[in-house]
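# Inside the fold
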Amino acid sequence: VILEIDPRLVDLFSRSLPGVTVVPEETPANTKIQKAAPDVQAPIIELVGYRGSGSRNGESKPAYLKPDRSNAAALKAKYLAEAPGQPLVGLSWGSPKATSVRQKSIAAECWAPVLRTPGVTFVNLQYGEARQELNELASQYGTTLLDDPTVDPAGALSPVADQCAALDLVITVSNTTAHISGAIGQETW
């Protein structure tokens with residue numbers, strides 16, 4: 001089985017699917033796929049039906065993507081060093097996709113009451129340029145999110161999975177963060 005996928009997902013899927021050759025999607029088509037002369041090709045979305053979707057009787061599906069547990073532990077330790085003993089809750093409030101921004105985004109300032117929850121450290125999971133919104137939250141509402149510049153959600157997604165795994169909870173709109181967090185089995189609202 002050869003899985004051709006967005007280059008940002010290669011590391012995460014390679015770790016998660018042993019025995020599957022995971023290659024980056026390329027234009028023109030990846031040479032490994034051309035040389036393999038596949039018997040069958042299918043878009044990944046068609047494979048979802050074989051796995052099933054949703055949950056039954058309140059039971060959640062098992063995680064099918066695997067974060068790097070040692071990197072997740074290192075991130076958790078780093079965050080807890082800044083906020084000892086506090087629950088770590090990740091927050092992502094928008095989709096940078098132009099076609100979805102209005103349907104899938106909530107203005108950052110709408111989260112101000114949530115961000116004032118005492119005894120909780122919130123971690124920025126928002127991808128794209130969020131510096132202005134983070135600064136506005138801090139200056140206008142006195143709320144801050146722990147921001148980790150070593151994790152770039154616009155880049156490779158394996159570190160994003162590791163970051164989600166380092167947290168106690170992820171709260172997000174319907175965007176990549178929701179899908180990655182749910183796929184690793186993280187508690188996600």
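An account of the accompanying structure is given in this report. (Residues numbered from 1 in each chain as written. Predicted model: local features only at pLDDT ≥ 70, side-chain atom pairs only at ≥ 80, totals over all residues. Heavy atoms only, no water.)

### A closer look at the sheet that holds strand S4 (residues 121–124)
- Taken together, three strands build an open sheet; the order of strands is S4-S3-S5 and the sheet is parallel. Of all the strands in the sheet, just S4 and strand S5 (169–172) have a single pairing partner and so form its edges. When strand polarity is set aside, the average angle formed by the axes of neighbouring strands in this sheet is 30°. (Pairing = 2+ DSSP bridges. Helix = DSSP H or I, 4+ residues; strand = E, 2+ residues; numbered from the N terminus. Axes fitted to C-alpha atoms, helices over the stretch in contact; angles between N-to-C directions.)

### Quick look at the pairing of strand S1 (residues 2–5)
- Taking every second residue as pointing to the same face, the buried face of S1 carries Leu-3 and Ile-5, while none of Ile-2 and Glu-4 on the other face is buried.
- As paired elements, S1 and strand S2 (residues 21–24) share four bridges and run parallel to each other. Opposite Glu-4, over in S2, you have Val-23 as the bridge partner.
- The β-α-β motif built from S1, the intervening helix H1 (residues 10–16) and the parallel element S2 has right-handed crossover chirality. (Buried < 20%, exposed > 50% of the residue type's maximum accessible area, 1.4 Å probe, protein only. Right-handed = clockwise from strand over helix to strand, strands pointing away.)

### Observations regarding the nonpolar core
- Core analysis: the largest hydrophobic core is formed by 27 residues, its most contacted members being Ile-5, Leu-9, Phe-13, Tyr-79, Leu-167 and Ile-180.
- Take this core: its biggest share by element is four residues, from helix H7 (residues 158–165).
- With sequence-adjacent residues up to four places away left out, Leu-167 is seen in contact with Lys-76, Tyr-79, Leu-88, Gly-90, Val-123, Leu-125 and Gln-186.
- Leu-91, Ala-108, Leu-115 and Leu-169 belong to the second-largest nonpolar core, a separate cluster that totals 13 residues. (Core = buried A, V, L, I, M, F, W, Y, C linked by side-chain atoms within 4.5 Å. Contact = heavy atoms within 4.5 Å.)

### Some points on the pattern of salt bridges
- Tallied over the full model, the rule gives four salt bridges.
- A salt bridge links Lys-76 to Asp-168; the shortest N-O distance between them is 3.3 Å. A residue pair is termed long-range when its members are at least 10 positions apart, and Lys-76 in helix H4 (residues 69–82) and Asp-168 in the loop between H7 and S5 qualify at 92 residues.
- On the accessibility criterion, Lys-76 (27% relative accessible area) is partly exposed.
- Taking relative accessible area as the criterion, Asp-168 reaches 40% and is therefore assigned partly exposed.
- Notably, a salt bridge pairs Lys-78 with Asp-148, separated by 3.0 Å at the nearest N-O pair. (Salt bridge = Lys/Arg side-chain N within 4 Å of Asp/Glu carboxyl O.)

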